[in-house]
Amino acid sequence: IHDPTWFDAAYRMVFEKQHQITEPKLAPALLYGIAITDIGKSNPWQEVAVHALLGVANRLRKEMNFSSVIQLQIFDLWARLLAPESIMGKMEREHQDLLARARAYNTATEDVMGQTSQLHRQVSKFFTMVGLRHRNEVVVGPYSIDILVGESFAFEVDGPHHFYRDTSMRTASSLLKHRILEALGFTVIRVPYQEWSQCGTREKRLRYVGSFWKQLIDAKVVTEDTAKDVALGDVLEVAIADSQSVESAHDVIQRLARQLKENDARRPFAEEFLPPDATVLELGDSVSPVAEA
């Protein structure tokens, strides 16, 4: 929905009916709804609706549940990173304090991998096979990044719940997470389940995941030795030919890099190895032509 008049009517209705809100979870849910449906344009009715809902949320804060706090955390990120300046600029002090309290609350769970999907685990396994060292389920405020390579490359494994039913259109909540992560400085790369399903064989999946190496090399996320000295084709060939090897693809990369670096240090024709009677040419010297026999 991109019609400003629709949003005007919705925000105005929220403002007019704010006093009827008695359920503690409703105000945070509506604030979250404002964040995920934001179209990036300043709207006076949006400002008054946000002000009213924050007042209700603050009044009922002691009765909020875990999910409501997460919604407030997401709204807080949207307000500080993506919302029109007027939202934060006109926010009352007590409302800022409410968001600060929500921000300080630790919503992370200890068993994050226990909640991850089978699809995510599959993709992570293939990342390891092609030598992409990574971390899974890295917590960033109310969000968790599925796969993080380095400190800034966030790979999001998009299962069916990231899309509206029977479409290839991502949900508003999925798009908001993408926008917030980018605003925080991450490069977000999506791995949709449709593309993963099309890679029906082990080799195709290795090549699909291996294709991410180029982006990481271009962005200088990987080490200099790995980026410059190891050919991706060699790594994939090793991984595909012997994916059950005890030596992981990452170990192969590091071993090849060390060998190439050692070879580069060897100079069989360096000056110190020349015979005593050899003539060393300095830069700018001319070479005498060889007399014809």
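So, how was this worked out
Residues numbered from 1 in each chain as written. Predicted model: local features only at pLDDT ≥ 70, side-chain atom pairs only at ≥ 80, totals over all residues. Heavy atoms only, no water. Helix = DSSP H or I, 4+ residues; strand = E, 2+ residues; numbered from the N terminus. Contact = heavy atoms within 4.5 Å. Areas by Shrake-Rupley, 256 points an atom, 1.4 Å probe, with all protein chains shown as cover. Pairing = 2+ DSSP bridges. Expected span 1.5 Å × (residues − 1). Buried < 20%, exposed > 50% of the residue type's maximum accessible area, 1.4 Å probe, protein only. Polar contact = N/O pair within 3.5 Å; in protein donor to acceptor, adjacent residues only side chain to side chain. Salt bridge = Lys/Arg side-chain N within 4 Å of Asp/Glu carboxyl O. Core = buried A, V, L, I, M, F, W, Y, C linked by side-chain atoms within 4.5 Å. Domains from an automatic or database assignment.

(A) Representation of the overall build of the chain within the structure. Counting its regular elements, the chain contains 14 helices and four strands. For the chain, contacts bridging at least 24 residues in sequence account for 66% of all contacts bridging at least 6. Summing over all exposed atoms, the chain offers an accessible surface of approximately 17,800 Å²; the carbon and sulfur share of this is 52%.

(B) Quick peek at the pairing of strand β1 (residues 135–140). Sheet topology places β1 next to strand β2 (residues 143–149); five bridges connect them, and they run antiparallel. Residue pairing in the sheet places Val-138 in a bridge with Ile-145 of β2. Between the antiparallel neighbours β1 and β2 lie two residues, among them Gly-141 with a positive phi of about 60°.

(C) The arrangement of helix α4 (residues 66–81) in detail. Its 16 residues give α4 an end-to-end C-alpha distance of 23 Å, which sits within 8% of 22 Å, the value for a rise of 1.5 Å per residue. Considered for burial, the residues of α4 that qualify are Ser-68, Val-69, Leu-72, Gln-73, Ile-74, Phe-75, Asp-76, Leu-77, Trp-78 and Ala-79. Looking at the packing, one finds that the buried side of α4 touches α2 (26–36), α3 (44–59), α5 (85–89), α6 (93–104), β2 and α8 (172–183).

(D) Up close: the environment of Val-14. Here Val-14 is to be found in helix α1 (residues 4–16). Owing to a relative accessible area of 18%, Val-14 belongs among the buried residues under this scheme. Expressed as a C-alpha distance, the spacing of Val-14 and Val-50, which sit 36 residues apart in the sequence, is 9.0 Å. Among residues more than four places away in sequence, those in contact with Val-14 are Ala-49 and Leu-53.

(E) Inspection of the side chain of His-134 at higher detail. Within the fold, His-134 resides in the loop between α7 (118–129) and β1. In this structure the side chain of His-134 is engaged in a polar contact, spanning 2.8 Å, whose partner is the backbone oxygen of Leu-132. Apart from residues no more than four positions distant in its own chain, His-134 is found in contact with Ser-124, Phe-127, Thr-128, Ile-147, Leu-148 and Val-149.

(F) The arrangement of the pattern of salt bridges in detail. For the coordinates displayed, the defined rule picks out 12 salt bridges. Through salt bridges that share partners, Asp-76, Arg-80 and Arg-103 make up one connected network.

(G) View of the environment of Ser-144. One can find Ser-144 in strand β2. By relative accessible area, which is 22% here, Ser-144 ends up partly exposed. Separated by 33 residues in the primary sequence, Ser-144 and Lys-177 have C-alpha atoms spaced 9.7 Å apart. If near-sequence neighbours (up to four positions away) are discounted, Ser-144 is found in contact with Glu-137, Val-138, Val-139, Glu-156 and Lys-177. There is a polar contact of 2.8 Å between the side chain of Ser-144 and the side chain of Glu-137.

(H) Representation of the nonpolar core. Membership of the largest hydrophobic core comes to 33 residues, with the highest contact counts inside it found for Leu-54, Phe-75 and Trp-78. Looking at this core, the elements with two or more residues in it are α1, α2, α3, α4, α6 and α8. At seven residues, α4 tops the list of elements feeding residues into this core. Of the residues that make up this core, three or more belong to each of domain 1 (5–104) and domain 2 (118–226). In this view, Phe-75 contacts Leu-31, Ala-35, Val-50, Leu-54 and Leu-99; residues no more than four positions away in its chain are not counted. Listed in part, the 22 residues of the second largest apolar core include Val-123, Phe-126, Val-191 and Tyr-208.

(I) Structural detail: the pairing of strand β3 (residues 153–158). In terms of residue burial, β3 counts as a mostly covered element, since six of its six residues are buried. Of the two faces of β3, both are covered, the one formed by Phe-153, Phe-155 and Val-157 as well as the one formed by Ala-154, Glu-156 and Asp-158. Relative to β3, β2 is paired through three bridges, and the arrangement is antiparallel. Pairing of Leu-148 across the sheet is with Ala-154, part of β3. As paired elements, β3 and strand β4 (residues 187–192) share six bridges and run parallel to each other.

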